[in-house]
Amino acid sequence: MEPLRVRVDYIDAVADGVVAVSFRNVTGAELPGWDPGAHVELTLPNWLTRHYSLCGDPADPSRYRIAVRRERTSRGGSEYVHEFLRVGQELTISSPRNNFPLVQAPEYVFVAGGIGVTPILPMVQAAAGRARLRVVYTGRSSESMPFREELAALAGGALRTHSGEPPDLADLVGPVGPGTQVYACGPGPMLEAVEAGFGTREGVSVHVERFRPRHRVFAPDTAFDVVCARSDRRVRVEVGVSILDALQRAGLPVTGGCREGVCGTCGVGLLGGDPDHRDDIGGAGGTLYPCVSRSLSPELLLDV
Ligand code: FES
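Criteria and cut-off values
Residues numbered from 1 in each chain as written. Predicted model: local features only at pLDDT ≥ 70, side-chain atom pairs only at ≥ 80, totals over all residues. Heavy atoms only, no water. Helix = DSSP H or I, 4+ residues; strand = E, 2+ residues; numbered from the N terminus. Rg over C-alpha atoms; globule rule 2.2 N^0.38 Å. Buried < 20%, exposed > 50% of the residue type's maximum accessible area, 1.4 Å probe, protein only. Contact = heavy atoms within 4.5 Å. Areas by Shrake-Rupley, 256 points an atom, 1.4 Å probe, with all protein chains shown as cover. Lys, Arg positive; Asp, Glu negative; His and termini not counted. Charge placed at Lys NZ, Arg CZ, Asp CG, Glu CD. Domains from an automatic or database assignment. Disulfide = S-S within 2.5 Å. Pairing = 2+ DSSP bridges. Axes fitted to C-alpha atoms, helices over the stretch in contact; angles between N-to-C directions. Parallel < 35°, antiparallel > 145°, perpendicular 65-115°, else oblique. Left-handed = near helix turned anticlockwise from the far one by under 90°. Nonpolar A, V, L, I, M, F, W, Y, C, P; charged D, E, K, R; others polar.

**Some points on the overall build of the protein chain**
- When you go through the protein chain residue by residue, the secondary structure sums to 6 helices and 17 strands.
- Taking 304 residues into account, the globule formula puts the C-alpha radius of gyration at 19 Å, and the protein chain, at 20 Å, falls close to it.
- The C-alpha extent of the protein chain, read off along each of the three principal axes, is 55 × 50 × 35 Å.
- With 304 residues in all, the protein chain has 48% of them scored as buried.
- If you take every contact in the protein chain between residues at least 6 apart in sequence, the share linking residues at least 24 apart comes to 62%.
- Surface accessibility of the protein chain: about 14100 Å² in total, with carbon and sulfur atoms responsible for 50%.
- Counting 31 positive and 36 negative side-chain charges, the protein chain places the centres of these two groups 2 Å from one another.

Shown next as structure tokens:
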């Protein structure tokens, strides 16, 4: 979908080091609809692109809301938002995309860590009143945890909050039975604890969203060819060059975003070959994320 031009509607401090930013369409028209778990990618005036989960009300087409934590090791994105973004400023954003969709279920466990509450907030809103839910919200300190009151208003007695040292999640969550969908977003160690604690239980599905790629070690890269089925082109991918870069240099219509395998912007259809999925989205089967993934076979066939 076409990028959107939006205007900053308000900027609010919502926790220590966290601002909520709301956008409206510059034309005044309604914004495209979205579902809980969706994110948008902002193109900042300093040419950086960053993706942020939507944390407003999906039923309100007049505005989008995101929240941005100022990172101590900011590479320019969160620093720009905190230091330079102003109400009334115009920006380009992508239409919403969703790599973290909420599936229908009779029972949910939601686990949020710090700024990871952003995709969880609309999920709790969607699930409250129609399913059994438990919500765990953790953070370094209560002052650093945005939207505590909003989450409490949505989740009511289903909410457990914890600040300070990482808690024993199994203890906080309690028993988790078959049919439960577990959704988690937050720091890497918290997500690993969720996966280790609940991912092996029979009948329990765990869904996580990462802001940063996991640290993993892969086999040394090799060169291979990408055969582009729609454009009838063959592109060589050399060692040290991503598939995404090779396709873009060849003039093929593929789009990049995070280039770290977490945002999903670059996803393309995989039609053949033996892929080496290296993304943190859960790329498998029919989709390949060419910013990080590679090939284990001499050729990959892509729907490009
Ligand atoms: S550009 Fe973000 S997943 Fe590839």
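Additional details are given in the paragraphs that follow.
**Structural notes on the domain arrangement of the protein chain**
- Domains assigned within the protein chain are domain 1 (4–98), domain 2 (107–209) and domain 3 (224–302).
- Just the C-alpha atoms count here: the centres of domain 2 and domain 3 sit 33 Å apart.

**Let's talk about the state of the cysteines**
- One pass over the structure, following the stated rule, counts 0 disulfides.
- C185 takes part in no disulfide bond, and the closest cysteine sulfur, belonging to C55, lies 11 Å away.
- C228 carries a free sulfur, and the closest cysteine sulfur to it, the one in C266, is 14 Å from it.

**A few points about the environment of L191**
- Here L191 shows up in helix α5 (residues 188–198).
- Take L191: its relative accessible area is 1%, and that puts it in the buried class.
- In the structure, L191 is positioned 80 residues away from V111 in sequence and 8.8 Å away in space, judged by C-alpha atoms.
- If sequence neighbours within four positions are ignored, L191 has contacts with A184, C185, G186, V208, E209 and R210.

**Things to note about the environment of G188**
- Inspection of the secondary structure puts G188 in helix α5.
- Classification of G188 as partly exposed rests on a relative accessible area of 26%.
- Along the backbone, G188 and P213 are 25 residues apart, and their C-alpha atoms lie at a distance of 8.6 Å.

**Here's the deal with the sheet that holds strand β10 (residues 159–163)**
- Strand order across the open sheet formed by 5 strands is β10-β9-β8-β11-β12, with parallel pairing between neighbours. Each having just a single partner strand, β10 and β12 (205–209) make up the two edges of the open sheet. Neighbour-to-neighbour, the strand axes of this sheet turn through a mean angle of 15°, independent of strand direction.
- Of the pairings in the sheet, the one linking strand β11 (residues 180–185) to β12 comprises 5 bridges and is parallel in character. Bridge pairing links A184 to V208 in β12.

**Things to note about the packing of helix α2 (residues 117–127) against helix α3 (residues 148–155)**
- Following both chains from N to C, one finds α2 and α3 inclined at 25°, their axes separated by 9 Å at the closest point. One finds that α2 runs roughly parallel with respect to α3. In this structure, the crossing between α2 and α3 has a hand that is left-handed. Within the contact between the two elements, α2 uses V117, L121, V124 and Q125 and α3 uses E150, L151, L154 and A155.
- Its residues assigned to classes, the contact of α2 with α3 comprises 6 nonpolar, 1 polar and 1 charged.

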